[in-house]
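Examination of the molecular architecture
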Amino acid sequence: MRPALTNALRAAARTSFTARSAPTLVRFAHAHAQESFEQFSARYVSFFQNAEDLFELQRGLNNCFAHDLVPSPEVIEAAVKAARRVNDYSTAVRIFEGIKEKVENKVQYEAYLTELKGLREELGIALKEELYPPA
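Quantities reported herein were computed from a predicted structural model and do not represent experimental measurements.

This paragraph deals with the packing of helix H4 (residues 73-85) against helix H5 (residues 89-102). Interhelical geometry of H4 versus H5 gives an angle of 160 degrees and a closest axis separation of 7 Å. Comparing the axis directions of H4 and H5 gives the class roughly antiparallel. Judged by the sense of rotation from one axis to the other, the crossing of H4 with H5 is right-handed. Judged by residue contacts, Ile76, Ala79, Val80, Ala83 and Arg84 of H4 engage Tyr89, Thr91, Ala92, Ile95, Phe96 and Ile99 from H5. Looking at the contact of H4 with H5 residue by residue, the classes come out as nine nonpolar, one polar and one charged.

Below is the structure:
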């Protein structure tokens, strides 16, 4: 009786393996169109305007700064306002540090600071250079 049970189990196992097919993994490269800079900016402005907590804000910042471009001043403004809304001053300061790292030169960084000066004054955000001047 034992060999009959073993043969039955083997037969059941063989049919289940032959009946299954491997999943077909297909990746379509053309499924997503290339996003324009304006669409990118609008998407992240909307995201930061709707960010409800610090985790969501930081996740959005990581994703936004991971792209091979410098976010527009409108995106930065929405992100800084979101940081102040969730009451995280350090993230607001670090957003400006992120800009400094992303731009190609100091002139571009100064242009961002000039454009966002009113926002920084309104929200009371100092830059890292102002908080920790070089000795």
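Now that the structure has been shown, we can carry on.
By volume, the largest pocket amounts to about 180 Å³. Lining the largest pocket are 10 residues; nearest its centre among them are Gln34, Glu35, Phe40, His67 and Leu69. Per-class residue counts for the lining of the largest pocket are four nonpolar, four polar and two charged. By volume, the second largest pocket is sized at about 150 Å³. In terms of lining, the second largest pocket is formed by Gln58, Leu61, Asn62, Phe65, Thr91, Arg94, Ile95 and Gly98. Of all the secondary structure elements, the ones that give two or more residues to the lining of the second largest pocket are helix H3 (54-66) and H5. For the lining of the second largest pocket, a count of residues per class yields three nonpolar, four polar and one charged.

Thresholds, definitions, all that
Here the residue numbers are simple positions, counted from 1 along each chain's written sequence. Where totals are concerned, whole chains, interfaces and linings use all residues; where local detail is concerned, this predicted model gives features only for residues with pLDDT of at least 70, and gives and counts side-chain atom pairs only at 80 or more. Only hydrogens and water are set aside; all other atoms, that is, all heavy atoms of the structure, feed into the side-chain values. Each axis is a line fitted through C-alpha atoms, and for a helix only the stretch in contact is used; angles between axes span 0 to 180 degrees, taken between their N-to-C directions. Strands are runs of DSSP state E lasting at least 2 residues, helices are runs of H or I lasting at least 4, and numbering of each runs from the N terminus. Note on angle classes: values under 35 degrees are labelled roughly parallel, values over 145 roughly antiparallel, values of 65 to 115 roughly perpendicular, and the remainder oblique. In this scheme, a crossing is called left-handed if the near helix is turned counterclockwise away from the far one by less than a right angle; it is called right-handed if the turn is clockwise. By definition in these notes, contact holds between two residues if any of their heavy atoms fall within 4.5 Å. Think of it as three bins: nonpolar holds Ala, Val, Leu, Ile, Met, Phe, Trp, Tyr, Cys and Pro, charged holds Asp, Glu, Lys and Arg, and polar takes everything else, Gly as well. Throughout, the protein atoms alone are placed on a 1 Å grid, and a set of points is a cavity if a 1.4 Å probe fits but cannot get out or a pocket if it is open with protein on both sides within 12 Å along at least five of seven lines; lining residues have an atom within 4 Å of a point. Grid points are joined across faces, edges and corners, and a volume is the space filled by probe spheres set on the points.

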